[in-house]
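# Summary of the model geometry
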Amino acid sequence: MPALTSPGATGDLSDVTASDATLRRFLHGLPGVDQVGAEARAASLGTRSIKTTAKAQAIDLAIRMVDLTTLEGQDTPGKVRALASKAMRPDPTDATCPATAAVCVYPDLVGVAKQQLGDSGVNVAAVAAAVPRGRAPLDIKLADTRDAVAAGADEIDMVIDRGAFLTGRYLQVFEEIVAVRGACERPGGGEPAHLKVIFETGELQTYDNVRRASWLAMLAGAHFIKTSTGKVQPAATLPVTLVMLEAVRDYREATGQMVGVKPAGGIRTTKDAVKYLVMVNEVVGADWLDPDWFRFGASTLLNDLLMQRSKLATGRYSGPDYVTID
Amino acid sequence: MEFEYAPAPESRSVVDLKPSYGLFIGGEFVDGHGGAFKTISPATEEVLAEVAEADEADVDAAVKAARRAYDRVWSKLSGAERAKYLYRIARIIQERSRELAVAESLDNGKPIKESRDVDVPTVAAHFFYYAGWADKLEYAGLGTDPRPLGVAGQVIPWNFPLLMLAWKVAPALACGNTVVLKPAETTPLTALLFAEICQQADLPAGVVNIVTGAGATGQALVSHPGVDKVAFTGSTEVGKAIARAVAGTDKKVTLELGGKAANIVFDDAPIDQAVEGIVTGIFFNQGHVCCAGSRLLVQESIAEEVLARLKRRMSTLRVGDPLDKNTDIGAINSAEQLARIRELSAVGEAEGADRWSPPCELPDRGFWFPPTLFTDVTQAHRIAREEIFGPVLSVLTFRTPAEAVEKANNTPFGLSAGVWTEKGSRILHVASALRAGVVWANTFNKFDPTSPFGGYQESGYGREGGRHGLAAYLKGGEL
Amino acid sequence: MAAPRIDVRKTYKLYIGGAFPRSESGYSYTALDAKGRFVANAALASRKDARDAVVAARKAFGGWSGRTAYNRAQILYRVAEVLEDRRPQFALAVQQSEGLTPARANAVVDAAVDRLVWYAGWADKLTQVVGNANPVAGPFFNLSTPEPTGVVAVLAPQGSSLLGLVSVLAPVIVTGNTVVLVSSYARPLPAVNLAEVLATSDVPGGVVNILTGDAATVAPWLAAHLDVNAIDLAGVAGDTELATSLEVAAADNLKRVRRAPATEPDWAAAPDLTAMTDFVEIKTVWHPMGV
């Protein structure tokens, strides 16, 4: 086991990424993940019963953590404007309902989203670097990223090269993340766009791979690690997110630095969202229970959160006709 | 942001307890000749019901009822027909599962999530499994014409009241025996609900008899001359007394007794799962588990890291109301048991071990003990040798696999053990070297009706569960 | 006096992938009762129905074989429960099909229910009886366990339309195989009714597919099908020529064959384990033991 996972060991991590061989040795030296045990732990956390005041608290927090997403070939400026409005005022009838964290769109629609959101505090996240497949030459990925940043994206969601990862070319994956992170800098200075690194965990297949990818991305400077593009099944799952949360927890132990986590895809109900929040609470603790450190990549989740919010407020079940469909 | 879970109590209204219960003899509830005792909720000390204390005459009546049922009905039924009764019982347990879970948590103090997700489903599964054996006994490898023994006297403990009942009653009935069962004096309620289930299933009168009471009742039962088979789960001390009491008789005996299991963590273990396994191993059911992983043996090279992770994890355990769905650790079952845990923990400190518990608010009423860790423990310490039967873990270290095995085996017990390593070859080597009846690798405290359970040495003899569990209730060949 | 009520009669269809289609061929045939009176038009399964059924069975195999043995036991027991619940319906079908007295027909239904219960109990026990740990001469852990063969074609008995049917079906699915079953040609009603029981007993769609029709027409396609792993020839008992040709066809991909008996056996007799063990593969795992 690498010394740097030991509590209190502060990492001089520069050696780790010195070569393909050292990086490989490090990643393969991480403790294994037993599939059965990890899934049992995730399932057990999923049985927590979150009621009344705790549920109300969880719902509002979950709304604030949503990256309201549209990633369709048929997206238009009109669609994105409507989504941005919804992000700012998810429930037009209730001023106490918080806004979402961000809207997440393709790079060509960043400008539209930015214009609509203005200084509302809702960020614009752009999937860039040839998401969802990520199969483009590096210069095109970097140009894609720079365009999105130039158009005003606050956050960039990229996807790793799974082909390179699965063949063990870890340094290539690492260097690509570093390069995209560089492209997140703003030419005129200022706060760079935050980088979320998607693993497409449905293609990495094993939890051992998820743990290695997590460390790889954190070493390369990711601000967030993210499960999925939403275009591959399975997308986010509780056990995958558990393994990623354990990785950010251990990374902070080793380096003092916090990294965010974003499960994306397949989280559709309040019940699901609450399970994730319970997991965050019990695995990494209260520090991560904040939109700066945990996000949900989702589209339909928001409306279920709104219906459950209304149920708690009124005592009766709501229906889909009583929430807006954008 | 702090995220506080609001109380999420399971409703008690699903259980309809009577103010008092008699004995279940010959298919009916009858008054006993002895006195009565109160069964309380260990979480609140509230009285739940009054229960009859069976005396020798009551035990005699129960054994006679069991004999009559054996002679006249049960031994004459085909296996296929016995099976149908057991399937009925299994189904009724599934149908009344929440009620049974709540009753168990009330009477025992265990968290509802355990009684709901572990105990009661496993009880139903056990009846299903042995129902299926009733008409297949000739395939069990125990001889071509396996025959029942007759009347079984069964005495069970308070840590898994209904589950231990299932482990005893299901194989006995499947094999064609009738039973007299004595539940523990602090946890009689689910056995009495089980009596109602036998009535709902139209089980012939006298096939199952339940006599409540304390040690004297149990003693009367196991020493009754009309009993052909004694099955006991409980302390090693009582187990030895039973072995002495049946000496010179033809009674067949199985004993499932105490343990002091080693949970061995190697430096290549899947570390987060190992930490979960350590927690499950010792804090499941408040540590009231004979196979609890009460001795953590961790390889020195990772001891510091494992302990840090373990402490962090222990800090998230939720101790409190057993009926709250978010409770991880419930109440200690009795004042007596609490006193024993306190005493041995004090001994641990006095002997120089380092004691640690996470900050944890305990309720004012009831019997409670926080999850506790002792480090700097050696093989010579009493807390490394004696069964505490509570949420108390003793941590020892080792340097080589041989040392781990040597320390693990250095005990008069031999019920269970755990091994944590990603190296399959090492798992199998260590497992074969361990003198224990159950070895869990990269998991802990797993139970299944198909899997035999029981100990080496002073952890008892005989196996319960699986095909091997049939041998305890049949003649015509033993394995 | 009120006019007599006209009954609503049921359409008898195939059962494929959890659905009840008519034959894609559009053909049907008349099923008669034991006295030769018209009972129903049964769907006449075609080569293409058999092909669709194999696809459905293959699709269901991963899920069904991956269930826990306990879960398969529960489901088979549920089938028995639902069958018992529909006892009058099945007794009537058996009475009509086999020409039995009501009392004998009831006894047949009882035996069929009991047979299902017997096999349900085997789900989590067969491995314990036919699998074992092997004491090989070396530092190795060595364990042999049975696993389901795959997709099994079953030609159900022509005579015993319910008890025989259950006796060839239950042992194949209890271990995790999926089935394409061809019913008795002349007595298809109990099979169609059983399909309705299976469809309402938590048996996943595709685990059992039931074709009514002529084994002589459909079976050669199943016997030769390269995505079928085994075949039970019980339904062509006594037809040595057909049985032999099916066995020859089955040899193309070395299907496991449960041969046709010379005459239809007495299905009331207690079965042995071979109805299960003929359709499992024994897998042995070696693993070194060392520090």
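As the structure is a prediction and not an experimental result, all values here were calculated from the model. (Residues numbered from 1 in each chain as written. Chains lettered and ligands numbered in written order. Predicted model: local features only at pLDDT ≥ 70, side-chain atom pairs only at ≥ 80, totals over all residues. Heavy atoms only, no water.)

## What to know about the overall build of chain A
- The helix and strand tally for chain A stands at 13 helices and 8 strands.
- Over its C-alpha trace chain A gives a radius of gyration of 19 Å, about what one expects of a compact globule, namely 20 Å for 326 residues.
- Projected onto its principal axes, the C-alpha positions of chain A cover 60 × 45 × 30 Å.
- Per-residue burial for chain A yields a buried fraction of 58% across its 326 residues.
- Across chain A, contacts joining residues at least 24 apart in sequence account for 75% of those joining residues at least 6 apart.
- Total accessible area on chain A stands at roughly 12,700 Å², and carbon and sulfur atoms take up 50% of it.
- Distance between charge centres in chain A, computed from 35 positive and 38 negative side chains, equals 5 Å. (Helix = DSSP H or I, 4+ residues; strand = E, 2+ residues; numbered from the N terminus. Rg over C-alpha atoms; globule rule 2.2 N^0.38 Å. Buried < 20%, exposed > 50% of the residue type's maximum accessible area, 1.4 Å probe, protein only. Contact = heavy atoms within 4.5 Å. Areas by Shrake-Rupley, 256 points an atom, 1.4 Å probe, with all protein chains shown as cover. Lys, Arg positive; Asp, Glu negative; His and termini not counted. Charge placed at Lys NZ, Arg CZ, Asp CG, Glu CD.)

## What to know about the interface of chain C and chain B
- Listed per partner, the contact involves 23 residues of chain C and 27 residues of chain B.
- Here chain C meets chain B over a buried area of about 2,200 Å², counting both sides, of which 60% is carbon and sulfur.
- For chain C, the biggest contributors to the area lost against chain B are Lys-125, Gln-128 and Val-291 of chain C; these three give 27% of the whole.
- Linking chain C with chain B are 2 salt bridges, by the criterion used here.
- Where chain C packs against chain B, one counts 13 residue pairs in polar contact (both at pLDDT 80 or more).
- Mapped by element, the contributors of at least two residues to the side of chain C that touches chain B are α2 (69-85), α4 (102-122), α5 (126-130) and β10 (280-288) of chain C.
- Tallied by class, the residues present in the side of chain C that touches chain B amount to 12 nonpolar, 5 polar and 6 charged. (Buried area = accessible area lost by both parts, 1.4 Å probe. Salt bridge = Lys/Arg side-chain N within 4 Å of Asp/Glu carboxyl O. Polar contact = N/O pair within 3.5 Å; in protein donor to acceptor, adjacent residues only side chain to side chain. Nonpolar A, V, L, I, M, F, W, Y, C, P; charged D, E, K, R; others polar.)

## Some words on helix α13 (residues 301-314) of chain A
Residue and element names in this part refer to chain A.
- The end-to-end C-alpha distance of α13 is 20 Å, a good match for the 20 Å that 14 residues give at a rise of 1.5 Å each.
- Those residues of α13 that fall on the buried side of the exposure criterion are Leu-301, Leu-302, Asn-303, Asp-304, Leu-305, Leu-306, Met-307, Gln-308 and Arg-309.
- Packing partners of the buried residues in α13 comprise α3 (52-64), β1 (66-69), α4 (77-88), α12 (270-283) and β8 (296-298).
- Looking at the residues trailing α13, positive phi occurs at Gly-315, about 85 degrees. (Expected span 1.5 Å × (residues − 1).)

## Digging into the interface of chain B and chain A
- Each partner contributes to the interface: chain B provides 31 residues, whereas chain A provides 33 residues.
- Across the interface of chain B and chain A, roughly 2,700 Å² is buried in total on both sides, 47% from carbon and sulfur atoms.
- Broken down residue by residue, the surface that chain B buries against chain A is led by Met-1, Phe-3 and Gln-273 of chain B, which jointly contribute 27%.
- Here chain B is connected to chain A by 6 salt bridges.
- On the surface where chain B and chain A come into contact, there are 13 residue pairs in polar contact (both at pLDDT 80 or more).

## Examining the confidence of the model for chain A
- Summing up the model confidence of chain A, the mean pLDDT is 94 and the portion of residues at 70 or higher is 97%.
- Across residues 1-10 of chain A, where pLDDT falls below 50, the model places 28 contacts with residues more than four positions away in sequence or in other chains. (pLDDT = per-residue confidence, 0-100.)

## Things to note about the confidence of the model for chain B
- With 99% of its residues at a pLDDT of 70 or more, chain B has an overall mean of 97.
- Two numbers describe this predicted complex: its pTM, 0.96, and its ipTM, 0.96.

## Looking at the domain arrangement of chain B
Residue and element names in this part refer to chain B.
- Looking at the assigned domains, one finds that chain B contains domain 1 (12-257 + 457-475) and domain 2 (262-441).
- Averaged C-alpha coordinates put domain 1 and domain 2 at centres separated by 30 Å.
- Across the contact, 31 residues belong to domain 1 and 30 residues belong to domain 2.
- Both faces combined, the contact of domain 1 with domain 2 buries some 2,500 Å², and carbon together with sulfur accounts for 56% of it.
- Taken together, the links from domain 1 to domain 2 amount to 1 salt bridge.
- Linking Asp-328 and Lys-113 is a salt bridge whose minimum nitrogen-to-oxygen distance equals 2.6 Å.
- Counting residues per element, the ones that place at least two in the side of domain 1 that touches domain 2 are α3 (97-108) and α4 (112-133).
- Taken together, the residues of the side of domain 1 that touches domain 2 sort by class into 11 nonpolar, 10 polar and 10 charged. (Domains from an automatic or database assignment.)

## Some thoughts on the arrangement of the chains
- The structure contains 2 pairs of chains in contact, of which chains A and B account for the largest number of contacts.
- Taking C-alpha atoms only, the smallest gap left between chain A and chain C, which are not in contact, amounts to 15 Å.

## A few points about the pattern of salt bridges
- Applying the stated criterion across every chain yields a total of 63 salt bridges over all chains.
- Put simply, Glu-305 of chain B and Arg-309 of chain B hold a salt bridge, and the shortest N to O gap is 3.0 Å. One end of the pair is Glu-305 of chain B and the other is Arg-309 of chain B, both in helix α10 (residues 300-314) and 4 residues apart, which spans about a single turn.
- The class of Arg-309 of chain B is buried, set by a relative accessible area of 5%.
- In this structure, Glu-196 of chain C and Lys-10 of chain C form a salt bridge, with 2.8 Å as the shortest nitrogen-oxygen distance. Taken together, the residues span a long stretch of sequence, with Glu-196 of chain C in helix α7 (residues 189-199) and Lys-10 of chain C in the segment before β1 (28-32) at a distance of 186 residues.
- Salt bridges linked by common partners bring Asp-67, Glu-155, Asp-157, Lys-196, Lys-226, Lys-262 and Arg-295 of chain A together as one network.

## Observations concerning the state of the cysteines
- Summed over the entire model, instances satisfying the criterion amount to 0 disulfides over all chains.
- Sulfur of Cys-184 of chain A: no disulfide; nearest cysteine sulfur belongs to Cys-104 of chain A and is 13 Å away.
- Judged by its relative accessible area of 1%, Cys-184 of chain A is buried.
- Cysteine Cys-198 of chain B is unpaired, with the sulfur of Cys-175 of chain B as its nearest cysteine sulfur at 17 Å.
- What makes Cys-198 of chain B buried here is its relative accessible area of 2%. (Disulfide = S-S within 2.5 Å.)

## Things to note about the nonpolar core
- Of all hydrophobic cores here, the largest spans 173 residues; its most connected members are Ile-93, Phe-127, Phe-194, Val-208 and Leu-310 of chain B.
- Here this core gathers at least three residues from each of two domains, domain 1 (12-257 + 457-475) and domain 2 (262-441) of chain B.
- If near-sequence neighbours (up to four positions away) are discounted, Ile-93 of chain B is found in contact with Leu-100, Val-120, Val-123, Ala-124, Phe-127, Phe-194 and Ile-197 of chain B.
- Of all hydrophobic cores here, the second largest spans 107 residues; its members include Ala-62, Ile-63, Leu-68 and Ala-193 of chain A. (Core = buried A, V, L, I, M, F, W, Y, C linked by side-chain atoms within 4.5 Å.)

## Some remarks on the packing of aromatic side chains
- Taken as a whole and judged by the stated rule, the model has 32 aromatic pairs over all chains.
- Members of the aromatic cluster, connected to one another through ring pairs, are Tyr-129, Tyr-130, Trp-133 and Tyr-139 of chain B together with Trp-118, Tyr-119 and Trp-122 of chain C.
- Cation over ring: Lys-311 of chain A sits above Tyr-317 of chain A, and NZ or CZ is 5.2 Å from the ring centre.
- Of note, Lys-18 of chain B hangs over the ring of Phe-29 of chain B, and the distance from its end group to the ring centre comes to 5.2 Å. (Phe/Tyr/Trp six-rings, centres within 6.5 Å; stacked < 30°, edge-to-face > 60°. Lys NZ or Arg CZ within 6 Å of the ring centre and 35° of its normal.)

## Observations concerning the sheet that holds strand β8 (residues 230-232) of chain C
All names here are of chain C.
- Read across the open sheet, the 5 strands follow the order β7-β6-β5-β8-β9; overall the sheet is parallel. Two strands lie at the open edges of the sheet, namely β7 (208-211) and β9 (256-258), each paired on one side alone. Sheet twist, expressed as the mean angle between neighbouring strand axes with direction ignored, is 15 degrees.
- Bridge count between strand β6 (residues 178-182) and β7: 4 bridges; the pairing is parallel. The partner of Val-180 across the bridge, within β7, is Asn-209.
- Sitting on the sheet, helix α8 (residues 215-224) touches β5 (151-155), β6, β7 and β8, and the angle it makes with β6 is about 150 degrees. (Pairing = 2+ DSSP bridges. Axes fitted to C-alpha atoms, helices over the stretch in contact; angles between N-to-C directions.)

## With respect to the side chain of Arg-467 of chain B
- Mapped onto the secondary structure, Arg-467 of chain B falls in the loop between β19 (460-461) and β20 (474-475).
- One buried charged residue, Arg-467 of chain B, forms no salt bridge at all, with the nearest opposite charge on Asp-124 of chain C at 12 Å.

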